[in-house]
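What follows is each chain in one-letter form.
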Amino acid sequence: MNEAVAVPPSPRVVVSSVGWRELWLKEDWWAIWLGLGLVIAATAAYLGGSSLAWIAVTPAKWSTFDQLARHFGDNIGRYGAQFVLWLVLFTGATSVLGWKAKSFVPAFILLYVLSLAIFALGAWDQAQKYNLEPPLVALLVGLAISNLVGLPRWLDAGFRVEFYIKTGIVLLGATLPFTLIVWAGPLAILQASIVSIVTFLVIYTVARKLGLDPRLSATLGAGGAVCGVSAAIAVGGAVGAKKEDPPIVITTVIIWAIVMIFVLPLVSRALHLHTAVAGAWIGTSEFADAAGFAAAQAYGGLAGKVDGIEGTPDQAVWAFTLMKVVGRDVWIGIWAFVLAIVATTRWERTETGGKPNAAEIWWRFPKFVIGFLVASVIITVIASGVSFADYDKVVKPALVVPITGLRTWAFVFCFLSIGLTTRFRELAPAGGKPFLAFTAGVVVNVVLGFVLTTVVFASYWEGLTR
């Protein structure tokens, strides 16, 4: 992927000479085929009265090691089938892309085993108390192994950061049907849009004032405006960022995401915010879904236990979901498309003095975003004519939840791979300017989100019900 995140670069091809062959020679398209294949399989199972829940297995809640051991003993066949499914899908795709299976397979086995252990830790009944959300734990475990222990570089062949996140984003589309956006209400979407646009503009402007390249500035801005890992990869590719730019953004997002996990619930508690208000504020101020979900869950758990905190735990999680997962994450495709146009028609034209090539916008555009939209359309069609109550009770458990489970596996693969391939010493040459620019966006983001949530739209959030 880059030097800082030391994943060997995918075999490159000259876009103009590939033509239709890009459908099987580009990682973006393979993410679409794998992600949509799983969505279509889940949809077919649902329409047939079944579900993919059997193979989308994750460890159940446990409090003793005996319970955990029994779970694995009872479900060893499900985990075996799931492992084979992931191994066949990813090995087949990477082999076509030019990677040798003999290097990928052993690395993926290690990745799956570590991911399974991380899921088990996240299912511990005390995990919520310590904010042990699987994607976040995966990131921290990977960073610890990479920077304190170290792994052979050849294993990086299986730590396909971009491939896993792109596949996860396609699956994410299936959990965000357009009907859900309608149910969220115009005020929630409006607030999310305001925060996304303002945060991007602040980070981008400060970064440019500090003399940073416009591509890095745009990648930083999108990382703060949407979702750090996903946006950094999508927008970095769309604008033609340098290979070291996305890791700089991802590392910066990681630092602030971890900080916000603790700061936002503590401040919310000190101010005795309603759980829905706090959840919405966390949704506007966090930079990673896993970290924000952990923070929202932690604060929601205080309802009924701490005097002065009104609302329910569900309201905190639901408000966060509307703001972050529905409201801000859908901007991934928008920012990628807009910035691809800006990069090809302005930045590159200025640098080369030549005329912009309109076709380059298409070649540059992150194709997996198309998969995200198609997956959303599929579930939208299934959910059309269904009330929110029926969607929540029927469609979601049988169709969306299994897809969400598979998406979480893909995200854990990604976050763990980021940690396992990130060497902090290799990021040092970037200096402090990217962090400073992003921090300026953090300040504006947190303050603006607080004002919108607790003052402008407070009555909306306090009255939020499912």
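Before any of the text, the structure's been laid out above.
Residues numbered from 1 in each chain as written. Predicted model: local features only at pLDDT ≥ 70, side-chain atom pairs only at ≥ 80, totals over all residues. Heavy atoms only, no water.

Focus on the overall build of the protein
Secondary structure assignment for the protein yields 23 helices and zero strands. Within the span of the protein, comprising 466 residues, buried residues form 56% of the whole. Pairs at least 24 apart in sequence give 82% of the contacts found in the protein among residues at least 6 apart. Entry remark: accessible area of the protein is about 18,600 Å², with carbon and sulfur atoms responsible for 68%. (Helix = DSSP H or I, 4+ residues; strand = E, 2+ residues; numbered from the N terminus. Buried < 20%, exposed > 50% of the residue type's maximum accessible area, 1.4 Å probe, protein only. Contact = heavy atoms within 4.5 Å. Areas by Shrake-Rupley, 256 points an atom, 1.4 Å probe, with all protein chains shown as cover.)

A few points about helix α13 (residues 245-271)
Taking 1.5 Å of rise per residue, the 27 residues of α13 would be expected to cover 39 Å, and the 38 Å separating its terminal C-alpha atoms lies within 8% of that figure. The sharpest bend along α13 measures roughly 35° and falls at M260. One or two steps after α13, the chain reaches H272, where phi turns positive at roughly 55°. (Expected span 1.5 Å × (residues − 1). Bend = angle between axes of the 7 residues up to and from the residue.)

A few points about helix α16 (residues 313-328)
Between its first and last C-alpha atoms α16 spans 22 Å; for 16 residues at 1.5 Å apiece the expected length is 22 Å, and the two agree. The largest bend along α16 reaches roughly 35° and is located at T321.

Points about unusual backbone geometry
For H272, which is not glycine, the phi torsion reads 55° and is therefore positive. A relative accessible area of 39% places H272 in the partly exposed class.

Topic: the packing of aromatic side chains
Within the structure shown, the criterion is met by 26 aromatic pairs. Centroid distance W29 to W33: 5.5 Å. Interplanar angle 25°. Geometry classified as stacked. In this pair, W29 and W33 are both assigned in helix α3 (residues 27-47), four residues apart and thus about one turn of the helix distant. An aromatic cluster of three or more residues is present, and its members are F83, W86, F90, F104, F108, Y112, F119, F163, Y164, W409 and F413. (Phe/Tyr/Trp six-rings, centres within 6.5 Å; stacked < 30°, edge-to-face > 60°.)

With respect to the pattern of salt bridges
Following the criterion strictly, the structure yields five salt bridges and no others. As a salt-bridge pair, D392 and K396 come within 3.9 Å of each other at their nearest N and O atoms. Of this pair, D392 and K396 both sit in helix α20 (residues 388-421), four residues apart, which is roughly one turn of the helix. Judged by relative accessible area, which is 25%, D392 ranks as partly exposed. (Salt bridge = Lys/Arg side-chain N within 4 Å of Asp/Glu carboxyl O.)

Considerations on the packing of α3 against helix α5 (residues 76-96)
The interhelical angle for the contact between α3 and α5, taken along N-to-C directions, is 155°, at an axis separation of 10 Å. Overall, the two elements α3 and α5 adopt an arrangement that is roughly antiparallel. Once α3 is placed against α5, the crossing between them reads as right-handed. Residue-level inspection shows W30, L34 and L38 of α3 in contact with α5, the latter providing L85, W86, L89, F90, A93 and V96. Taken together, the residues that form the contact of α3 with α5 break down as nine nonpolar, no polar and no charged. (Axes fitted to C-alpha atoms, helices over the stretch in contact; angles between N-to-C directions. Parallel < 35°, antiparallel > 145°, perpendicular 65-115°, else oblique. Left-handed = near helix turned anticlockwise from the far one by under 90°. Nonpolar A, V, L, I, M, F, W, Y, C, P; charged D, E, K, R; others polar.)

Some words on the environment of A144
Note that A144 resides in helix α7 (residues 134-149). On the basis of relative accessibility, which here comes to 32%, the residue A144 falls in the partly exposed class. For A144 and R423, which are 279 residues apart along the polypeptide, the C-alpha to C-alpha distance reads 9.9 Å.

No statement about biological role is implied by the geometric values presented.
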